[in-house]
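So the chains spell out like this:
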Amino acid sequence: MMKLYEITFSPTGGTKKVADMIMDRFRWESSFIDLTDRFTDFSTYAFDKEDVCIVAVPSYGGRIPAIVGERLRQMKGNHAKAVPVTVYGNRAYDDTMLELNDTLIEAGFCPVAAIAAVAEHSIMRQFGAGRPDEEDRRELVDFTDKIKRGIQNGSLTETPHVPGNRPYRSFDGVPMKPRSGKNCTKCGLCAEKCPVGAIPTDMPMSTDHSKCITCMRCIAVCPQKNRSISKVLAAAGAQKLKKACKERKRNELFI
Ligand SMILES: Cc1cc2nc3c(=O)[nH]c(=O)nc-3n(C[C@H](O)[C@H](O)[C@H](O)COP(=O)(O)O)c2cc1C
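Residues numbered from 1 in each chain as written. Predicted model: local features only at pLDDT ≥ 70, side-chain atom pairs only at ≥ 80, totals over all residues.

Side note on the domain arrangement of the chain
Taken domain by domain, the chain comprises domain 1 (4-167 + 249-254) and domain 2 (179-229). For domain 1 versus domain 2, the distance between C-alpha centres works out to 26 Å. Every contact between the two is made by eight residues of domain 1 and, on the other side, nine residues of domain 2. In the side of domain 1 that touches domain 2, the residues fall into four nonpolar, three polar and one charged. (Domains from an automatic or database assignment. Contact = placed C-beta atoms within 7 Å. Nonpolar A, V, L, I, M, F, W, Y, C, P; charged D, E, K, R; others polar.)

Describing unusual backbone geometry
Across the junction of arginine 131 and proline 132, the peptide omega takes the value 0 degrees, indicating a cis bond. As for its placement among the helices and strands, proline 132 is situated in the loop between strand E6 (114-118) and helix H4 (134-152). Of the consecutive residues arginine 166 and proline 167, the connecting peptide bond is found in the cis state with omega at -5 degrees. In this structure, proline 167 sits in the loop between H4 and strand E7 (179-180). Despite not being glycine, lysine 225 has its phi angle at roughly 50 degrees, a positive value. Note on placement: lysine 225 falls in the loop between helix H6 (217-221) and strand E8 (227-228). (Helix = DSSP H or I, 4+ residues; strand = E, 2+ residues; numbered from the N terminus.)

As for the site of the ligand
Within the structure, the ligand sits among 27 residues, and Ser10, Gly14, Thr15, Gly89 and Arg91 are positioned closest to it. Broken down by secondary-structure element, the contributors of at least two residues to the shell around the ligand are helix H1 (14-26) and strand E4 (81-88). Broken down by element, the residue count for the shell around the ligand peaks at three residues, all from H1. In terms of residue class, the shell around the ligand is built from eleven nonpolar, 13 polar and three charged. Residue-level mapping places the shell around the ligand at the junction of two domains, with at least three residues from each of domain 1 (4-167 + 249-254) and domain 2 (179-229). (Near = placed C-beta within 6 Å.)

With respect to the pairing of E6
With five of five residues buried, E6 lies mostly within the body of the structure. Burial along E6 is two-sided: Ala114, Ala116 and Val118 and Ile115 and Ala117, pointing in opposite directions, are all buried. Across four bridges, the pairing between E4 and E6 is parallel. Opposite valine 87, over in E6, you have alanine 117 as the bridge partner. Where E6 meets strand E9 (residues 252-254), three bridges bridge the pair, whose relative direction is antiparallel. Across the sheet, residue alanine 116 finds its bridge partner in E9, namely glutamate 252. (Buried ≥ 20, exposed ≤ 12 C-beta atoms within 10 Å, placed from the backbone. Pairing = 2+ DSSP bridges.)

A look at the environment of glycine 237
In this structure, glycine 237 sits in helix H7 (residues 231-241). Taking the C-alpha atoms as reference points, glycine 237 and cysteine 190, separated by 47 residues in sequence, lie 24 Å from one another. Among all residues touching glycine 237, those that are not within four sequence positions of it are Ile123 and Met124.

See below:
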C-alpha cells in the first residue's frame, strides 16, 4: 500500500512551512522524517516502490547542506517516488535542485516532480521576509494538485529536467558562527537541537567552528535569546546580497 512521507531539513522552520503547505494539500495520512535529528539512524529507512516522499531541503550557498546529502544517501529509496523541494531565501538556488535530485537518485528514489519555493532568509531575515505568504501558499496548492493528480492517474513517471550545473558550485560555508552571550543557563537545548553536534552538551556557551554550518537553529531555539551572529558581519553580508535579493523571486514547478 502506498504511504506518504515528509522528509525535511529545516533548522529554523522556513523549509518546514513550505513542506507543510504541500503536505496539508495532499490530505493523505503521512509520516514525518526529521533530517535535522542527528540521533536518528537514517540507514533504518527503507521505502517501497509505491511510496511517495516529499523531500524538502534549504539552499545553502546554492547547494544542499552537506549533512543532508550524507543522511539521504543512508536511506534506501527502493524506487519510491520522490518530490525534491528546494527552499531558498529569495537570492537564488543555483545547483541546489540538481544536487538534491541527483542525491535522491543515488539513494534509489525516483524523482517525478520538483518544486522550488521561497522562504525567509534564515541569516538575513529582511530577504524573503514573511514568506512563504498567502500567494506562495496558493501556488504551492496548485503545484501539489498537479503532482497529486499525476501520481493518481499514473502519468508522473519520468524524472523532470531541473536547472543547475555539474560540477556543482563550490560552497565552503559562511564565516559567521553563532556565539553565546552572557545569559546562558546551560539548559542544553541548543546542543540537543544542533543538526551537526557543533555545541558541546556540557559547555553550551561554546561552538565548534569546524562543525558549525551556520544553520541558525541554536539562535532560533534558545529560550534566553542568548545566541547571535556578529551584527557587523551580517550587515556586510546583507549589503553584498542586497541587489540579488531585491525583487520577489518566484516559486517553480518542474514536472
Ligand atoms: C548557510 C546558509 C546559506 C544560505 N544560502 C542561500 C543561498 O545561496 N541562496 C538563497 O536564496 N538563500 C540562502 N539561504 C537561505 C535559506 O535557504 C532559507 O532561509 C531557508 O528557508 C532556510 O531554511 P530553514 O528556515 O528551514 O532553516 C542560506 C541560509 C543559510 C543558513
